[in-house]
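As a plain string of letters, each chain reads:
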Amino acid sequence: MTEARPGVAASASLWERDEEVATVERAITALCAESPSSSGHLLVFTGEAGLGKTALLTEARRIAEARGCTVWSARGGETVTSVPFNVVRQLLQPALVSLLPEEVREYLGDWYDIAGPALGVAVPGDRQPDPQGVCDGLVAAVRRLAKREWPLVLLIDDAHWADLETLRWLAGFAERLDDLAVLVLVARRPGETSGESARHLDTVAAAAGPVTALSALTPDATAGLTRATLGEHADAPFCREVWAVTGGNPYESVELLAKVQDSGLDPVEASAAGLRALNRSARGRGLVARLEGLGIDATRFAWAAAILGTEISLELAAKLAGMPREDALRCAERLGAARILTTTHSAGGHTAAGDLEFVHPLIASAVYRSIPDALRTAMHGQAAWAVTDSGRGPAAASRHLLEVHPDDDPELVEQMREAAREHLSVGAPDAARRCLERALREPPLPDTHARVLYELGCATLLTAPARTIGHLRAALDMPGLEGEVRVDAVYRLSQALLHNDQLEEAVRAVDAEAARLEPGPARMRLQAVHYMWESVHAGDDGSPGHSSGLAELARTCTGRDNSERALLILRGFDAMTRGENAEEVAELCDRALVNGRLAPGLGWTDTEWGIELLMMLSSSYAYTDRLDRAESLFSEALRAYESAGWSGGHLALAHAYLGLAHRRRGRLAEAEAAQRESLRLAERVGRGLPLYWSATCGLIDTLLARGDVHEAGEVAERYGFGPPYPSTIVLPDTRSVRGRLLLALGRTKEGINELEAAEKAAAARGHHNTVLAPWAVDLARALAVEDPARAAALAADARRQAERFGTDTAIGEALRCAAALESGPRALELARQAITYLEASPCQYEHAAARVEYGIAAGSAAELEKGLTLARSCAADGLAEKAGRALSEL
């Protein structure tokens, strides 16, 4: 049992916490013994209210500061969970405000414009940031500041009441402590959360390893605490009753013993019967009665503090309570003496002048719930006015407006719309959604109702497509959306339908709106969207007339505006997938550019068209042997998304497609690195999405080219690479890659079946590009022994399609396949022709493979040496090993 020590009331919650305190001491000792680049540590403590979590963190602060550590702390609040970035701001702002503006910019670096607005130290930009990018920016901010402040200890109390945005950051940070010497201590109650917040807290717990669950005091510890507080004369029956009444809860024990002292009760068995009554007066209604006993002014001030929640400014609480500052100060002192309020301490442990907090969250909750319902609602309305009047802005006031009853107030609607815009500008779409949903309940005036629904649909597009569909449909059914805004609403509705796997409805929505419009850019934009969604559809039921209709529409396009440029891109992509002449494909794509660059308004971070269109453009270049332009566009995408802080699905796709460009060039090591990073990012966004398939498929294709068949099989198994396939096109072709994988694994029959399924899907869609979907050449090789006639027919058809397409890569690969099916001089001649074409191709891996195959067939050491050199330069280890073996056997 922990022995009595000075300051019993302050340290009571540390009784029987020797093991936990020792764990903290070991972690701090390890932190101080390491370097700033060492691994970090994370400790998580859980326990019901009153079991001493806060006291443990307070002790951790004391120990850390005594060892010379920097300590930053923050706490969640029951009434402020809707305030985005609230807890992470508490944690970091004291450190940031101590720096000069130029120092803040220097330490945040490239993340300044992304994470700075979320932290309240930079003005938001014009573009809506990606929430995942903001999260990554906050992770980077803490990492950079931590190196400056090493050794650093972060304390987060009541994490179960932290806002969602903070929990998203904390989960990301907890997983990236491998090379940062920082100690993070998190205290939370079990349960209390659900949904995404609970998932983030589970991630934090998993990163911490074993979570320490605090338990109640034993009867012996309660007796020790009782005697240390009341005197050694407290007898055993009295001490036992203290334990029975409080259940060994440290906080309740301290409060009860304080009441015993205040009442002058003698701590003996004869007085034990009065403990239950005293305990009731120290909690719940008893606490409220104690508060009311302090007078009307003190009660009103405590209510105002409870309404404000955290970071309680004396001035703001005084304004809300309707009293002069001097009266408010007296009330604060009276509430402090009654152990209800206390003075806030800054991150450095120093008093923050004028700021208050409740002594314990249980007190804050009891006081807040004691406010009569109608009065509480009214006080939230007054708090919103006071917060706005203090210059903190609509976003800060919105927390209170969320609690106000609807009252047909147009001004409130406008405040919530403005708050939503502020939330979106710092990367908090969930907070924006809450504000706009509240605005709808007011409700808005008829002339703005549709606009609010449209704004709500835009806010939920990335997080809740199904909900977005309802909002945008309702908006479009109302008067108030006209012109470009209406067209944009239809486009976003179609996006949401597509993401919700409702392709046909997406196309119908844009078609219906296009039919209402006169010829012009707006109508052409919707027509382009129609063909864009059909183009990304991967089903076997390709739309009849899709290609001919698109060709007719694009025929007169010169690229004079972005709608025409979009149609040219779509026509080029369609022609590429169909295996039409590659020069004509490239010419269509070139016409969609302006001086060889993306047109204004059609950039990677512009939202009018979306990422799909530009990926089609870049992919068309990649598969027509214009790899220089494809790589340039994919690299530009990567830079644009990293610069804008878009580190979710957009960045995942940028890495995947840059990996595709590397794979096409034969830079297999670079391709694998890019695709693994894409898969890492895609995992955070969510499995099953098209971007997830792109990352997985590209990585497996690259691993097979490198000769890592076993690893490719493991990746396929780990990430569920198999049917059912997504409803949107994935590059490279999923069935072709999976068929190749199955053949490489020796599962020949399954591989043939998969390639035949790829053949059927390609025929249904009219896709005849033998490089984009190389099922024909792989299937021909697989059938060479079992069905040589069919294999020959497949190879001949692949050659015809390749010659129609006309790229060196397509023709060279078709000739390689034909050579593999022949023998003798004919095989050698076809292999030599394949080398001629592939030598002129930018695809070095295929060139290396052709050299090795020809060297083996011809028994030529010179050709094998060339193939070996090329294979090594591509990092194609399996091919290099094959060439080396063949050389050794000559």
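Small disclaimer: the values here were computed from a predicted structure and weren't measured. (Residues numbered from 1 in each chain as written. Predicted model: local features only at pLDDT ≥ 70, side-chain atom pairs only at ≥ 80, totals over all residues. Heavy atoms only, no water.)

## Comments concerning helix α38 (residues 748-765)
And step 1. Between its first and last C-alpha atoms α38 spans 26 Å; for 18 residues at 1.5 Å apiece the expected length is 26 Å, and the two agree.
And step 2. Of the positions making up α38, those classed as buried are Gly751, Ile752, Glu754, Leu755, Ala758, Ala761, Ala762 and Arg765.
And step 3. Where α38 is buried, its residues meet α27 (521-536), α37 (734-744) and α39 (775-782). (Helix = DSSP H or I, 4+ residues; strand = E, 2+ residues; numbered from the N terminus. Expected span 1.5 Å × (residues − 1). Buried < 20%, exposed > 50% of the residue type's maximum accessible area, 1.4 Å probe, protein only. Contact = heavy atoms within 4.5 Å.)

## Points about the pattern of salt bridges
And step 1. Evaluated as defined, the whole model comprises 63 salt bridges.
And step 2. Of the charged contacts in the structure, one is a salt bridge between Glu437 and Arg467, with a shortest N-O distance of 3.6 Å. Note that Glu437 is positioned in helix α22 (residues 429-441) and Arg467 in helix α24 (residues 465-476), a separation of 30 residues in sequence.
And step 3. In the salt-bridge network here, residues are joined through shared partners; they are Arg168, Glu196, Asp430, Arg433, Glu437 and Arg467. (Salt bridge = Lys/Arg side-chain N within 4 Å of Asp/Glu carboxyl O.)

## Side note on the nonpolar core
And step 1. Residues Phe301, Ile340, Phe358, Trp533, Trp604, Leu617 and Ile700 are the most contacted members of the largest nonpolar core, which totals 177 residues.
And step 2. Among all residues touching Trp604, those that are not within four sequence positions of it are Leu598, Ile611, Leu614, Met615, Ser618, Leu633, Glu636, Ala637, Ala640, Tyr641 and Trp646.
And step 3. Core analysis: the second largest hydrophobic core is formed by 50 residues, Leu119, Leu138, Ala162 and Ala208 among them. (Core = buried A, V, L, I, M, F, W, Y, C linked by side-chain atoms within 4.5 Å.)

## Things to note about the sheet that holds strand β3 (residues 152-157)
And step 1. Read across the open sheet, the five strands follow the order β2-β3-β4-β1-β5; overall the sheet is parallel. Of all strands in the sheet, those bounded by a partner on one side alone are β2 (70-75) and β5 (212-213).
And step 2. Here strand β1 (residues 41-46) runs beside strand β4 (residues 182-188); their pairing, made up of six bridges, is parallel. Bridge pairing in β4 links Leu43 to Leu185.
And step 3. Along the sheet, helix α3 (residues 53-66) contacts β1, β2, β3 and β4; its crossing angle with β3, the most-contacted strand, is approximately 165°. (Pairing = 2+ DSSP bridges. Axes fitted to C-alpha atoms, helices over the stretch in contact; angles between N-to-C directions.)

## A few points about the environment of Gly601
And step 1. Structurally, Gly601 is set in the loop between α30 (582-591) and α31 (611-622).
And step 2. If sequence neighbours within four positions are ignored, Gly601 has contacts with Asn562, Asp606, Glu608 and Trp609.

## Looking at the packing of helix α6 (residues 112-119) against helix α7 (residues 131-149)
And step 1. Between α6 and α7, the least distance of the axes is 8 Å, while the angle of their chain directions is 90°. Taken together, the axis directions place α6 and α7 in an arrangement best described as roughly perpendicular. Seen from α6, the contacting residues are Ile114, Ala115, Ala118 and Leu119; seen from α7, they are Gly133, Val134, Gly137, Leu138 and Ala141.
And step 2. Within the contact of α6 with α7, the residues separate by chemical class into seven nonpolar, two polar and no charged. (Parallel < 35°, antiparallel > 145°, perpendicular 65-115°, else oblique. Nonpolar A, V, L, I, M, F, W, Y, C, P; charged D, E, K, R; others polar.)

## Let's talk about the environment of Arg189
And step 1. The topology assignment puts Arg189 in the loop between β4 and α9 (195-208).
And step 2. A relative accessible area of 9% places Arg189 in the buried class.
And step 3. Spatially, the C-alpha atoms of Arg189 and His160 are 6.2 Å apart, while their sequence positions differ by 29 residues.
And step 4. Leaving out residues up to four positions away in the same chain, Arg189 has contacts with Gly47, Glu48, Ala49, Lys53, His160, Trp161, Pro361 and Leu362.

## As for the packing of aromatic side chains
And step 1. Scanning the entire structure with this criterion turns up eight aromatic pairs.
And step 2. Their ring planes at 20° and their centres at 5.5 Å tell us that Trp169 and Phe173 sit as a pair that is stacked. Pair noted here: Trp169 and Phe173 are both in helix α8 (residues 164-174), with a separation of four residues, about one helical turn. Each member of the pair, Trp169 as well as Phe173, carries the same accessibility label: buried.
And step 3. Taken together, a centroid distance of 5.9 Å and an interplanar angle of 50° make the contact between Trp693 and Phe721 tilted. Of this pair, Trp693 sits in helix α35 (residues 690-706) while Phe721 sits in the loop between α36 (709-718) and α37, and the two are 28 residues apart along the sequence. Each member of the pair, Trp693 together with Phe721, is buried.
And step 4. These aromatic residues form a ring-pair network of at least three members: Trp604, Tyr641 and Trp646.
And step 5. Its guanidinium or amino end placed over the ring of Tyr368, Arg376 lies 5.3 Å from that ring's centre, counting from NZ or CZ.
And step 6. A cation sits over an aromatic face here: Arg525 above Trp609, 5.6 Å from the ring centre. (Phe/Tyr/Trp six-rings, centres within 6.5 Å; stacked < 30°, edge-to-face > 60°. Lys NZ or Arg CZ within 6 Å of the ring centre and 35° of its normal.)

## Topic: the pairing of β4
And step 1. In terms of burial, β4 is a largely internal element, seven of the seven residues being buried.
And step 2. Going residue by residue along β4, you find Val182, Val184, Val186 and Arg188 tucked away on one face and Leu183, Leu185 and Ala187 tucked away on the opposite face as well.
And step 3. Pairing of β3 with β4, which is carried by five bridges, proceeds in the parallel orientation. Within β4, the position partnered with Leu154 by the bridge is Val184.
And step 4. Handedness of the crossover is the feature at issue here: the chain leaves β3, passes through α8, returns alongside β4, and the resulting connection is right-handed. (Right-handed = clockwise from strand over helix to strand, strands pointing away.)

## Considerations on the pairing of β1
And step 1. Of all six residues that make up β1, five are buried, and the element is covered over most of its length.
And step 2. Sheet analysis places β1 next to β5, joined by two bridges and oriented parallel. Bridging from a neighbouring strand, Phe45 pairs with Thr212 of β5.

## Points about the environment of Trp243
And step 1. Among the structural elements, Trp243 can be located in helix α11 (residues 236-246).
And step 2. The spacing of Trp243 and Thr388 is 145 residues in sequence and 48 Å in space, taken between C-alpha atoms.
And step 3. Once residues within four sequence positions are removed from consideration, Trp243 is found in contact with Leu217, Thr218, Pro219, Thr222 and Gly248.

## Some words on the side chain of Asp488
And step 1. Secondary-structure assignment places Asp488 in helix α25 (residues 483-499).
And step 2. Among the polar contacts listed, one links the side chain of Asp488 to the side chain of Arg492, at a separation of 2.6 Å.
And step 3. Beyond its immediate stretch of four places on either side in the chain, Asp488 contacts Tyr454 and Arg525. (Polar contact = N/O pair within 3.5 Å; in protein donor to acceptor, adjacent residues only side chain to side chain.)

## Observations regarding helix α21 (residues 410-425)
And step 1. Here α21 contains 16 residues, and its C-alpha end-to-end distance of 23 Å stays within 8% of the 22 Å for a straight helix at 1.5 Å per residue.
And step 2. When we look at burial in α21, the residues that qualify are Leu412, Val413, Met416, Arg417, Ala419, Ala420, His423, Leu424 and Ser425.
And step 3. For α21, the N-terminal capping position is held by Asp409, with its side-chain oxygen 2.9 Å away from the main-chain nitrogen of Glu411.
And step 4. Taken from the residues just after α21, Gly427 is the one with a positive phi, measuring 90°.

## With respect to the confidence of the model for the protein
And step 1. Mean pLDDT for the protein: 89, with 96% of residues reaching 70 or above.
And step 2. Taken together, the stretch residues 1-10 has pLDDT below 50 and engages in 20 contacts with residues farther than four places along the chain or on a different chain.
And step 3. Low pLDDT, under 50, characterises residues 346-354; the predicted model gives this stretch 22 contacts beyond four residues in sequence or across chains. (pLDDT = per-residue confidence, 0-100.)

## Description of unusual backbone geometry
And step 1. Residue Trp150 is joined to Pro151 through a cis peptide bond whose omega torsion reads -5°.
And step 2. With respect to the helices and strands, the residue Pro151 is situated in the loop between α7 and β3.
And step 3. With an omega of 0°, the peptide bond running from Pro723 to Pro724 counts as cis.
And step 4. Relative to the helices and strands, Pro724 is located in the loop between α36 and α37.
And step 5. Unusually for a residue other than glycine, Phe85 sits at a positive phi of about 65°.
And step 6. Looking at the element boundaries, Phe85 is found in the loop between β2 and α4 (86-97).

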